[in-house]
Amino acid sequence: MIDFELYSPAVLEHYERPRNVGALDPEAPGVGTGLVGSPQAGDVVKLQIRVDAEDRIVETRFKTYGCAAAIAAGSWLSERIEGLTLDEAEALDSREIAEALALPAVKMHCSVLVEDALRAAVADCRRRRAGA
Amino acid sequence: MTVYLDNNASTVLDERVLEAMRPYLAGPLWGNASSLHRHGRVMRSAVERAREQVARAVNAHPDQVIFTSGGTESNNLAVLGVAAAAPGPGRLLISAVEHASLREPAHALARRGWRVEEWPVDGEGRLRLDAVDPACGPAPALVSVMAANNENGVLQPVAEAAALWRPLGVPVHCDAAQALGKVPVDFGGWGVQLMTLSAHKLHGPQGVGALVVSQGAVLRPLLYGGRHERGLRPGTENVAGIVGFGAAAELAVAELAERAARMAALRERFEAGLRRLPGAVIFGDGAERLPNTVQFGLRGCHGETVLLQLDRAGIAVSSGSACHSGVNQPSHVLLAMGVAPELALTAVRVSFSPRNRAEDVDRLLAALAEITATRCAQETPA
Amino acid sequence: MNDGPGVYLDYAATTPVDPRVAEAMCACLTGDGVFGNPASRSHEYGRRALEKVETAREQVAALVGADPREIIWTSGATESDNLAIKGAAHFYRNKGRHLVTVKTEHKAVLDSMRQLEREGYRVTYLAPQPDGLVDPEALRAALRPDTVLVSIMHVNNEIGVIQDIAALGAVCHEHGVLFHVDAAQSAGKLPIDLDALPVDLMSFSAHKVYGPKGVGALYVRRKPRVRLEAQIHGGGHERGMRSGTLPTHQIVGMGAAFALAGAEMERDLAHARALRRRLLGGFAELPGVYLNGHPERCLPGIVNLSFDYVEGESLLLGVRPLAVSSGSACTSASLEPSYVLRALGRDNPLAHSSLRFSFGRFTREADIDFAVARVRATVERLRALSPLWEMVEQGIDPARYHWATH
């Protein structure tokens, strides 16, 4: 995609001012990390969540290597899931991301990628908790 | 001051067209229409706007307009492009009066094994619709009939010609370079699949033209090197030229009635005077012609001599196709009409623009009267 | 020249028209100008147009050490490349049907070659060295008894490397093979002396050197005479090699642009060198930046840099309103990695993106400073956002990481 005019104001806003950029210590209690995509495929998303004792997401961090849509999708989702329980977060669908950001058709895969990152982070969180 | 009466060779650029071109020619706008950044996108939108203007001028869809470097390239692209897409050498049918830029690529194909046939014209230069039978012989890969002849201005029944071939699915190309801006041109209505247009014949800039290509037409590009123009014509777009073409096409159609009336009045005035000169012959006199074009001969006066005399008198005309100026051979157009070679050599072409005035006509007539009275009279009569 | 939108550093795609060139062109376009058809020999209007066309032909010839009779007008370098390559291949088809070119050539050359392959010719595509240069010995090894033509560009449009056309041409001529050079990026920017160079055909463009778009030229050597089969027929203009009404104002513009380029070459070059130093200096402190192509044997006005662990599209978006290119303009409608950079085969890290900065006569130091600041800030911002950069900082090589594919 080359025509930046196809991007919605929401995508551009998140691209310019992404929320919750950064990293949590993946070993810290309550933290789950999802790292999906690959450099070969052109997009890598890392999403981290920290939950409290009630499994409620109290902190999120993300990083994206990829296009503006992938950055915006990661940023948008990191805000969206704050305060949700793991179960609620897992119920989220990539279509909600795509709709909220009005992603052009050629960028739908970005919303799927961040959904995958979220699922991976939730799974990691549960796995680490079970192991703990 | 010289009188310019060679508008079928090239026209002066309309001032309004120059103003439309100026920002792209002299700044502040520049960029490559293929670039992603804003400079490129500004160029892209200018090109697309011009595409719409040109399409509207000939009743085509913008997607059908392929910009080229001019009429010659468009004619070459039509003939060689369709031929290249054909499975092998086949049959090509072109009217006997086509422009060199159509005939010569056809002849190049003939050297590669193609059978090139000419669709004959009558004594007035009109296509003889009854002279070909589409049911006869293998279907041609392409039929080409020009809308208006550059030398004598004779208009061809393009729609009727196209209708003959439509049932067979044979693509028909129409060279409308001389017609646009002088008579209505109707790509959709005529039912042709390909159409050649040129900007500098309608007070647009030199160096830009178009080939209108219907969605069904199958052709290969002439040039390679990128995906510009639906993959049919690579190269960085001549944005200033294209913008000028769009503006010129829009103006030409908007002002068609007024321009045609002005030119027709000049032509009538000239022809009336011409008929009073001894030995004057108007080629295609009985045919419907462009409102601006008169090709004539003065019996006994060699055309080249008349041109020379008029040149000295400060009047710019030509013998026919500018592309072959200086070649002292009878015109293939006149020969195809059955004009005797000696008479064909007397041919002089006058082509008006709406900018010419009645005084220009009178000056031309006076000069011709002098020529007939003196020098030419001493030549051997044809 | 910077009152346009943003800062324009895409001179290799097209340059602004020099105001002096524009003036010469506009003078042709008025009613009292030279609007005749140069092929109309029967009157003053045509002859005056022809005179202008011939003056321009002399100007173009003078810049490159050619005889005016060796210059053929075309609609641009793309057409010149097509005419040179297909025209020579078709004319000499009974002599042989093998051609040689390089993987990093312009699309106009590569696509012409591909067309010839469809027609039954054989083409060898040489790989350049990692610095972008072609080894004359590699060329020699590629030549065959049936090779008719070699096409190698003078200056690469994406990375700016300057090929040693004297050495490459000498190899061609030793073997009796025609040598075509696409000089669209170099003419007017580097000295070219066709009188001395072993070059048979050379393509030129006006709009890469402050002239108008839609006009170019092809040099066709007369001694020994090189023959071409015309690609566009009808009217026999340009000694039968290229038919079509000559666009007088365009040609006048190209002549003026080439004359100016010759007169101002030293100054333009010094200016470009200074800007290049400034640009490279601006990125000296930024890690993970690489210059593509040979660092010295290059046109100073083209700088192609790769930025590790930054994705291309987000980089291009971030550097707006800076007008730079991510690849050749003709292919940049897609963001696939440039075939030129891929052909260099540098041991690239897994993920990076490249920008081509190209500048020239009207670029100011402030434009370079703006570009450096804008690009640095964007690269730093995107790296702060990049999980790959994070891995690198932690000492993990993303290339060795086991990525789950899905």
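Structure: above.
Residues numbered from 1 in each chain as written. Chains lettered and ligands numbered in written order. Predicted model: local features only at pLDDT ≥ 70, side-chain atom pairs only at ≥ 80, totals over all residues. Heavy atoms only, no water.

A word on the overall build of chain A. Assigned secondary structure in chain A consists of 5 helices and 3 strands. Beginning at the N terminus, the succession of helices and strands in chain A can be written as α-β-β-β-α-α-α-α. Its C-alpha radius of gyration of 14 Å places chain A within 12% of the 14 Å reference for a compact globule of 132 residues. Along the first, second and third principal axes, the C-alpha atoms of chain A reach 50 × 30 × 20 Å. The burial tally for chain A puts 52% of its 132 residues in the buried class. When the accessible surface of chain A is summed, it comes to about 5500 Å², and 52% of that surface belongs to carbon and sulfur atoms. Averaging the positions of the 15 positive and the 22 negative side-chain charges in chain A gives two centres separated by 4 Å. (Helix = DSSP H or I, 4+ residues; strand = E, 2+ residues; numbered from the N terminus. Rg over C-alpha atoms; globule rule 2.2 N^0.38 Å. Buried < 20%, exposed > 50% of the residue type's maximum accessible area, 1.4 Å probe, protein only. Areas by Shrake-Rupley, 256 points an atom, 1.4 Å probe, with all protein chains shown as cover. Lys, Arg positive; Asp, Glu negative; His and termini not counted. Charge placed at Lys NZ, Arg CZ, Asp CG, Glu CD.)

Residues and elements named next belong to chain C. Following both chains from N to C, one finds helix α9 (residues 312–319) and helix α11 (residues 365–384) inclined at 135°, their axes separated by 9 Å at the closest point. Relative to α11, the element α9 lies oblique. The two elements α9 and α11 cross, and the hand of that crossing is right-handed. Counting all contacts with α9, which are made through S314, L315, G318 and V319, the residues of α11 involved are R374, V375, T378, V379 and L382. When grouped by side-chain class, the residues that make up the contact of α9 with α11 number 5 nonpolar, 3 polar and 1 charged. (Axes fitted to C-alpha atoms, helices over the stretch in contact; angles between N-to-C directions. Parallel < 35°, antiparallel > 145°, perpendicular 65-115°, else oblique. Left-handed = near helix turned anticlockwise from the far one by under 90°. Contact = heavy atoms within 4.5 Å. Nonpolar A, V, L, I, M, F, W, Y, C, P; charged D, E, K, R; others polar.)

All names here are of chain C. Residues R222, K223, R225, R227 and R239 make up a contiguous surface patch of positive charge. Checked against the element boundaries, R239 lands in the loop between β8 (216–220) and α7 (248–263). Here R239 falls in the partly exposed class, since its relative accessible area comes to 46%. (Patch = residues over 30% accessible without salt bridge, like charges linked within 9 Å, V, L, I, M, F, W, Y side chains within 5 Å. Salt bridge = Lys/Arg side-chain N within 4 Å of Asp/Glu carboxyl O.)

Across the boundary between the two partners, chain C contributes 29 residues, which contact 29 residues of chain A. With both chains or domains summed, chain C and chain A bury close to 2400 Å², and 63% of this area falls on carbon and sulfur atoms. The three residues of chain C that bury the most area against chain A are E313, L317 and L385 of chain C, which together make up 26% of that side's buried surface. For the pair chain C and chain A, the number of links is 3 salt bridges. When the shortest N-O distance is used, the salt bridge between K63 of chain A and E390 of chain C registers 3.0 Å. In this assembly, chain C and chain A are joined by 11 residue pairs in polar contact (both at pLDDT 80 or more). Listed by contribution, the elements that provide at least two residues to the side of chain C that touches chain A are α9, α11 and α12 (387–393) of chain C. (Buried area = accessible area lost by both parts, 1.4 Å probe. Polar contact = N/O pair within 3.5 Å; in protein donor to acceptor, adjacent residues only side chain to side chain.)

As a further point, take the packing of helix α1 (residues 15–26) of chain B against helix α7 (residues 239–254) of chain B. Residue and element names in this part refer to chain B. Viewed as axis vectors pointing N to C, α1 and α7 meet at an angle of 160°, and their least axial separation amounts to 8 Å. By the angle between their axes, α1 is roughly antiparallel relative to α7. Two packed elements cross with a definite hand, and for α1 against α7 that hand is right-handed. On α7, the residues that touch R16, V17, A20, M21, Y24 and L25 of α1 are V239, A240, G241, V243, G244, A247, A248 and L251. Looking at side-chain class alone, the contact of α1 with α7 contains 11 nonpolar, 2 polar and 1 charged residues.

For the coordinates displayed, the defined rule picks out 64 salt bridges over all chains. Of the charged contacts, one joins R140 of chain C and E174 of chain C as a salt bridge, the two residues approaching to 2.6 Å between their closest N and O atoms. Taken as a pair, R140 of chain C in helix α5 (residues 136–142) and E174 of chain C in helix α6 (residues 165–174) lie far apart in primary sequence, 34 residues in all. Connected through shared salt-bridge partners, D14, E15, R16, E255, R259 and R355 of chain B make up one network.

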